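# An overview of the molecular structure
Residue strings, one per chain:
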Amino acid sequence: MNNLELSKPQRQSILGVAVIFFSNLRKAFNFFLAVVFVNLGTKFRILSLGLEEWAYILSAVFLVISYLQFLKFTFYIKGDNFVIEKGVLSQEKINVPFARIQTVNTHQNIIQRILGVVGLKIDTAGSIQNEIQIPALSKKHAQQLREYLMERKYELKEEGEVLAEEESSQESADSALGSLKIDAKPILELSIKDLLLVGLTQNHFRSGLFLFAIVNGYVWQFEDFLLKPFESYLEETAESFLAQWIILLPVAVLLFLIISVLASLAGTALTHFQFKFFLGQDGMRMSSGLLSKNTFNVPFGKIQYFKWESNPLRALIGFYTLRIKQAGTEAINDRKLISIPGIKAKSLINVLERQYPDRKKFAYQSFQVNSLLFIQLAIWLGAVPTLAALALNFFVAEIIWLYPLVFIYLALVLFFSYRYFLAYKVKVNPDFILIKRGWVFPTTLLIPNYKLQNISLKQSVFQKRRAVASLQLYTAAGGESVSHLPFHEALELYNYLLYCIESSKLKWM
């Protein structure tokens, strides 16, 4: 694809009409279900036309609208900008400078996969939403357009950096990024067995609550329509349900657990099916998805730091979750989380060696957090809930067997708080800061010092009394904290990291 081909407005694949049509139809169906059908049900009639007749009419109307949206959607190159024009009644023109483009990713939902087309998403610096989405391109056209946009981005970047004295330190990195090479063979793939293990070791409680929130939202939204047929039965059995709550509660808990595990397995399969992770000279690429297939491209320059974590179940099978923090607002990172859901220690080390080959070039200096961390955890998670439970049990309704449970809980909190305190480590060398925290749910962060944009030193009233301070580290991917260091060590680390930020000639992007 050359500049001449893109100098004139182009349209998507004609199959884009179908993609746009089904997108419009889905939005209309949600509105119709929530507003019209719930209120009128099967008695729905307007202008003597019933549900089926109006379904045909509205489908025809949406087909015409979708075709007009297809005709009005064009894209082209103008100067150093990628331009998209769209809109039927209200025209919209978006200009995105090549220099602002961060990544160009592909997306395929189930309709796009059936039709054999690809959606293209172009993300720009600092945007919370995708600036440009092209719903339907042929796979070849999408790949050519992606490569062209990234090539133009780096051509302009190199032209703009010719003057800078930083050219020498960044020249090799820029040329590597400009070559846009990704290894053809994935460095990591997740099999069906791996996905099953990842799904079984997910946070099932969170999956269950998330599913409950969705179902509960729909039930309340359509309460009158869904529950009306069962009103008489619910009224008759309400008292018996309340009388048998001791029996029903364990059943409900077991049912919740089973549904939560199934939700975790389903979510893992839908999100990470055929997961592949590639490394190359220009960055990383990940592709996965069952019904909706997504491909994410992350240039090395946009990667800010790595964060890997585990849990007791995942530790049994030797899996970690690797999260790749990229430049952008916290909203962007939450919405476009780039992560490897299951990676073995050997593969993790391999990725770290490829991304940060010099991370062990210099020795690390270790910092141990103050025991105030343990004291605060013990008080807020242990002593306060224990005293509250004892007070309620004594003044409201005394249950003798509750006392040993409360003290067992306190002992467990003290034990886990102490282990958390011991596991909290901070290590620093001239190039990196390594933060380890957590015992049951261990988390490790590896942040290149030159990726830090700012650092602050904080002290609460309690910390001042114990000569303790905390550090807040700010990167383009968000903030991370280092809590409860002895004040003189926190100040030493603060000054050293500030020196690293000010003296480094490497670029954070």
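Below you will find a few notes about this structure.

Cut-offs used in this document
- Residues numbered from 1 in each chain as written.
- Predicted model: local features only at pLDDT ≥ 70, side-chain atom pairs only at ≥ 80, totals over all residues.
- Heavy atoms only, no water.
- Helix = DSSP H or I, 4+ residues; strand = E, 2+ residues; numbered from the N terminus.
- Buried < 20%, exposed > 50% of the residue type's maximum accessible area, 1.4 Å probe, protein only.
- Contact = heavy atoms within 4.5 Å.
- Areas by Shrake-Rupley, 256 points an atom, 1.4 Å probe, with all protein chains shown as cover.
- Pairing = 2+ DSSP bridges.
- Salt bridge = Lys/Arg side-chain N within 4 Å of Asp/Glu carboxyl O.
- 1 Å grid on protein atoms, 1.4 Å probe; cavity = no way out; pocket = protein on both sides within 12 Å on 5 of 7 lines; lining within 4 Å.
- Points joined across faces, edges and corners; volume = space filled by probe spheres on them.
- Nonpolar A, V, L, I, M, F, W, Y, C, P; charged D, E, K, R; others polar.
- Phe/Tyr/Trp six-rings, centres within 6.5 Å; stacked < 30°, edge-to-face > 60°.
- Patch = residues over 30% accessible without salt bridge, like charges linked within 9 Å, V, L, I, M, F, W, Y side chains within 5 Å.
- Axes fitted to C-alpha atoms, helices over the stretch in contact; angles between N-to-C directions.
- Parallel < 35°, antiparallel > 145°, perpendicular 65-115°, else oblique.

## Brief notes about the overall build of the protein chain
Secondary structure assignment for the protein chain yields 18 helices and 20 strands. Across the 509 residues of the protein chain, 38% fall into the buried class. The contacts of the protein chain with a sequence gap of at least 6 include a subset with a gap of at least 24, amounting to 60%. Surface accessibility of the protein chain: about 28800 Å² in total, with carbon and sulfur atoms responsible for 64%.

## Quick look at the pairing of strand 15 (residues 425-428)
Side-chain direction in a regular strand flips from residue to residue, so the side chains alternate between the two faces of the sheet. On strand 15, burial follows the alternation: Val426 and Val428 on one face are buried, whereas Lys425 and Lys427 on the facing-out side are not. Relative to strand 15, strand 14 (residues 365-368) runs antiparallel, the two sharing four bridges. Across the sheet, the residue bridging to Ser366 is Lys427, located in strand 15. Counted between consecutive antiparallel strands, the loop separating strand 15 from strand 16 (residues 432-437) contains three residues.

## Concerning the pattern of salt bridges
A full pass over the atoms with the stated rule returns six salt bridges. Close ionic contact of Asp80 with Arg152 constitutes a salt bridge, the shortest N to O distance being 3.0 Å. Residue Asp80 is located in the loop between strand 1 (74-78) and strand 2 (81-86), and its partner Arg152 is located in helix 5 (residues 139-160); the two are separated by 72 residues in the primary sequence. With a shortest N-O distance of 4.0 Å, Glu85 and Lys93 are connected by a salt bridge. Residues participating in the shared-partner salt-bridge network are Lys307, Arg437 and Glu480.

## Brief notes about the layout of surface pockets
Left-over empty space is what a probe sized like a water molecule reveals as it rolls over the atoms. The space that makes up the largest pocket amounts to roughly 1200 Å³. Taken together, the elements giving at least two residues each to the lining of the largest pocket come down to helix 8 (204-221), helix 11 (245-272), helix 12 (312-316), strand 12 (319-326), helix 13 (330-335) and strand 13 (338-344). A total of seven residues in the lining of the largest pocket trace back to one element, the largest contributor, which is helix 11. For the lining of the largest pocket, the residue count by class is 10 nonpolar, 16 polar and six charged.

## Describing empty space enclosed by the protein
Counted by the stated rule, this structure contains two cavities of 30 Å³ or more. Taken as a whole, the largest cavity encloses approximately 60 Å³ of empty space. As for the largest cavity, its lining consists of 10 residues, of which Arg146, Met150, Asp282, Asn297 and Pro299 are closest to the centre. Secondary structure elements with two or more residues in the lining of the largest cavity: helix 5 and strand 10 (293-299). Across the lining of the largest cavity, the residue classes break down as seven nonpolar, one polar and two charged.

## Comments concerning the packing of aromatic side chains
Evaluated as defined, the whole model comprises 14 aromatic pairs. Centre to centre, the rings of Phe21 and Phe22 are 5.4 Å apart; their planes meet at 70°, and the pair counts as edge-to-face. Classification of Phe21 as buried rests on a relative accessible area of 13%. Since its relative accessible area comes to 39%, Phe22 is described here as partly exposed. Cluster of aromatic residues (ring-pair linked, three or more members): Phe306, Tyr356 and Phe432.

## Observations concerning unusual backbone geometry
For residues that are not glycine, phi is negative in most cases, and the peptide bond is trans in most cases. One non-glycine residue, Gln274, adopts positive backbone phi at about 55°. Residue position: Gln274 is located in the loop between helix 11 and strand 8 (276-279). Even without being glycine, His484 reaches a positive phi, approximately 60°. Relative to the assigned elements, His484 resides in strand 20 (residues 478-486). Note on His484: relative accessible area 8%, which makes it buried.

## Topic: a nonpolar patch on the surface
Taken together, the side chains of Ile399, Trp401, Leu405, Ile408, Leu412, Phe415, Phe416 and Trp439 define a hydrophobic patch exposed on the protein surface, amounting to about 780 Å² of accessible area. Note on placement: Phe416 falls in helix 16 (residues 402-423).

## Here we look at the sheet that holds strand 2
In space, the three strands of this open sheet follow the order 1-2-3, with antiparallel pairing throughout. Every other strand in the sheet has two partners, leaving strand 1 and strand 3 (92-97) as the edge strands with one partner each. Strand-to-strand twist of the sheet, defined as the mean angle between neighbouring strand axes without regard to direction, takes the value 20°. Of the pairings in the sheet, the one linking strand 2 to strand 3 comprises six bridges and is antiparallel in character. Within the sheet, the bridge partner assigned to Lys86 lies in strand 3 and is Glu92.

## As for the packing of helix 15 (residues 372-395) against helix 16
Relative orientation of the contacting elements helix 15 and helix 16 amounts to 170°, with a least axis distance of 8 Å. Relative to helix 16, helix 15 is oriented roughly antiparallel.

## Some details on the environment of Asn95
Locating Asn95 in the fold gives a position in strand 3. For Asn95, a relative accessible area of 39% puts it in the partly exposed group. In sequence terms Asn95 and Ile132 are 37 residues apart; their C-alpha atoms lie 9.5 Å from each other. Filtering out sequence-adjacent residues up to four positions away, Asn95 remains in contact with Asn81, Phe82 and Val83.

## Digging into the sheet that holds strand 18 (residues 452-458)
Strand order in the open sheet formed by three strands is 18-19-20, and the pairing between neighbours is antiparallel. At either end of the open sheet lies a strand with only one pairing partner, and these are strand 18 and strand 20. Adjacent strand axes in the sheet meet at a mean angle of 20°, parallel and antiparallel pairs treated alike. In the sheet, strand 18 pairs with strand 19 (residues 468-475) via six bridges, with the strands oriented antiparallel. Pairing of Asn454 across the sheet is with Tyr474, part of strand 19. Relative to strand 18, helix 18 (residues 487-503) is tilted by about 160°, and along the sheet it contacts strand 18, strand 19 and strand 20.

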